[in-house]
Amino acid sequence: MATADERRPPLRDSAKSSSRAGQIRQRVAVLSDSFRALYLEWFARLGAQDFDEGDVAAILDAAVAELAGLQARYRGGGITEAGLAYGREQIRDLLERVIRQHAVAATTKRQIRHLITDSFQRRLLSSPGRYTQDWFSYHEAHWSRHFGHLAGRSGLQAIEIGSFEGRSACWIVQHLLTGENSRLICVESFEQYEDQEWNFDHNIRVAGCTDKIVKLRGRSQQVLPFLAGESFDFVYVDGSHLVLDVLQDAAMCWRLIRPGGTLVFDDYEHPLFPDSFGMSPGPAIDAFLSMLSGSYELMFADWQVALRKGGRAD
Ligand SMILES: C[S@@+](CC[C@H](N)C(=O)[O-])C[C@H]1O[C@@H](n2cnc3c(N)ncnc32)[C@H](O)[C@@H]1O
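Residues numbered from 1 in each chain as written. Predicted model: local features only at pLDDT ≥ 70, side-chain atom pairs only at ≥ 80, totals over all residues.

So, on to the overall build of the chain. When you go through the chain residue by residue, the secondary structure sums to twelve helices and seven strands. Per-residue burial for the chain yields a buried fraction of 33% across its 314 residues. Across the chain, every contact between residues at least 6 apart in sequence was considered, and the portion connecting residues at least 24 apart equals 76%. (Helix = DSSP H or I, 4+ residues; strand = E, 2+ residues; numbered from the N terminus. Buried ≥ 20, exposed ≤ 12 C-beta atoms within 10 Å, placed from the backbone. Contact = placed C-beta atoms within 7 Å.)

So this is what it looks like as structure tokens:
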């Protein structure tokens, strides 16, 4: 039987991959090989609820050792600050999944919570604003080249699915939606961590973007049906990575975009969960594109994929 990669059409040709994709890939691969192998195994077992108290000690030991290793590599200049932040969030995410398991005793959950509070402070990056992750700065120069022509146009309507702490949203508003009456709808479920929404609100406020951002709290699948068809100029899909969610987001967003408008997907090449656990935007984006063939122009495809919708632009 063909593997998932063999079934992928030529769009996912690594030769198309850019240096920014290389930088991001390096950051995503920041976990050590041994920890990553365990991580994938635990992740699958946690998802299947095939997990008990006896597994916790091994996870905690490995997590603490991996964290110390990441910090040592960061101090030695081996990984960037963003790489350290990314690795820490992967470890934290794993520990939080353990806490959600029914089979784990309440005292053990308390112990893990203490470990998280002591070792994984939320503010990880030294950049201004309340940010724990930087998913976006790698793309800024590239986006300026491809979408910079939007700056200054009045009345542009844009959507972002998945705003996290507002980093990409603020950049979009400050660099693309600079014209009068332009606005960005941020669709975000705010379920990543307790203070996420508070940090988002803070970040857009200090960046001076509040007036141009409309925050819609909720999952895209619930929110998008309420938006008007063919009335958006720019849509950035960076929400759920579950393959069916990405496909659904793609189909729903395509209906919302005007002819001539732009749709951008993030994480097309994301290798951390390559087609595992239904997590990977790549196959969903490929399926969507093959269904739409002839009705779009491909602007670029590497870590991200950008399309311009065909038809008459206003
Ligand atoms: C990678 S982060 C987005 C990063 C952000 N675009 C940036 O570059 O700063 C993905 C975000 O999508 C959100 N999310 C996941 N599934 C979602 C859904 N179905 N609808 C809305 N938001 C979702 C998560 O809560 C998370 O904050």
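Moving on to the site of the ligand. Neighbouring the ligand are 20 residues, the closest being Gly162, Arg167, Ser168, Gly239 and Ser240. For the shell around the ligand, the class distribution of residues is five nonpolar, nine polar and six charged. (Near = placed C-beta within 6 Å. Nonpolar A, V, L, I, M, F, W, Y, C, P; charged D, E, K, R; others polar.)

The next thing to look at is the environment of His102. Inspection of the secondary structure assignment puts His102 in the loop between α5 (81-99) and α6 (106-119). Accessibility expressed as a C-beta count within 10 Å gives 7 for His102, which makes it exposed. Counting along the chain gives 49 residues from His102 to Glu53, while the straight-line C-alpha distance between them is 9.7 Å.

With that settled, consider the nonpolar core. Within the largest apolar cluster, 45 residues are counted, with the highest numbers of intra-cluster contacts made by Ala158, Ile159, Ala169, Leu184, Val235 and Cys253. Those residues within four positions of Ala158 in sequence are excluded, and the remaining contacts are Ile172, Leu177, Leu184, Phe232, Asp233, Phe234 and Val235. By size, the runner-up hydrophobic cluster in this structure holds ten residues, among which are Val30, Tyr39, Leu70 and Ala85. (Core = buried A, V, L, I, M, F, W, Y, C linked by C-beta atoms within 7 Å.)

Attention now moves to the environment of Trp42. Tracing the backbone shows Trp42 in helix α3 (residues 33-47). Excluding residues within four positions of it along the chain, Trp42 makes contact with Ile59 and Leu94.

At a closest axis distance of 10 Å, the pairing of helix α4 (residues 53-75) and α5 adopts a crossing angle of 170°. Looking at the two axes, α4 sits roughly antiparallel to α5. Listed contacts from α5 to Val56, Ile59, Ala63, Glu66, Leu67, Leu70 and Tyr74 of α4 are Leu84, Gly87, Arg88, Ile91, Leu94, Leu95 and Val98. Considering only residue class, the contact of α4 with α5 consists of eleven nonpolar, one polar and two charged. (Axes fitted to C-alpha atoms, helices over the stretch in contact; angles between N-to-C directions. Parallel < 35°, antiparallel > 145°, perpendicular 65-115°, else oblique.)

A few words now on the confidence of the model for the chain. Averaged over all residues, the pLDDT of the chain is 87; the fraction at 70 or higher stands at 89%. The low-confidence segment residues 1-7, where pLDDT is below 50, has three contacts with residues more than four positions distant or belonging to other chains. (pLDDT = per-residue confidence, 0-100.)

Let us now look at the packing of α3 against α5. Across the interface, α3 lies against α5 with an axial gap of 10 Å and an inter-helix angle of 30°. The angle between α3 and α5 places the two elements in the roughly parallel class. In this structure, the crossing between α3 and α5 has a hand that is left-handed. Every residue of α5 that contacts α3 at Tyr39, Trp42, Phe43 and Leu46 is listed here: Leu94, Arg97 and Val98. Class assignment for the residues of the contact of α3 with α5 results in six nonpolar, no polar and one charged. (Left-handed = near helix turned anticlockwise from the far one by under 90°.)

Let us look at the pairing of strand β3 (residues 213-217). Bridging between strand β2 (residues 183-188) and β3 involves five bridges; their strand directions are parallel. Residue pairing for β3: Ile185 is matched across the bridge by Val214. A crossover connection joins β2 to the parallel β3 through helix α9 (residues 196-206); in handedness this β-α-β unit is right-handed. (Pairing = 2+ DSSP bridges. Right-handed = clockwise from strand over helix to strand, strands pointing away.)

Of all five residues that make up strand β1 (residues 157-161), five are buried, and the element is covered over most of its length. Here β1 shows a buried face lined by Gln157, Ile159 and Ile161 and a second buried face lined by Ala158 and Glu160. Note that β1 and β2 share five bridges and pair parallel. Looking at the pairing, Ala158 lines up with Leu184 of β2.

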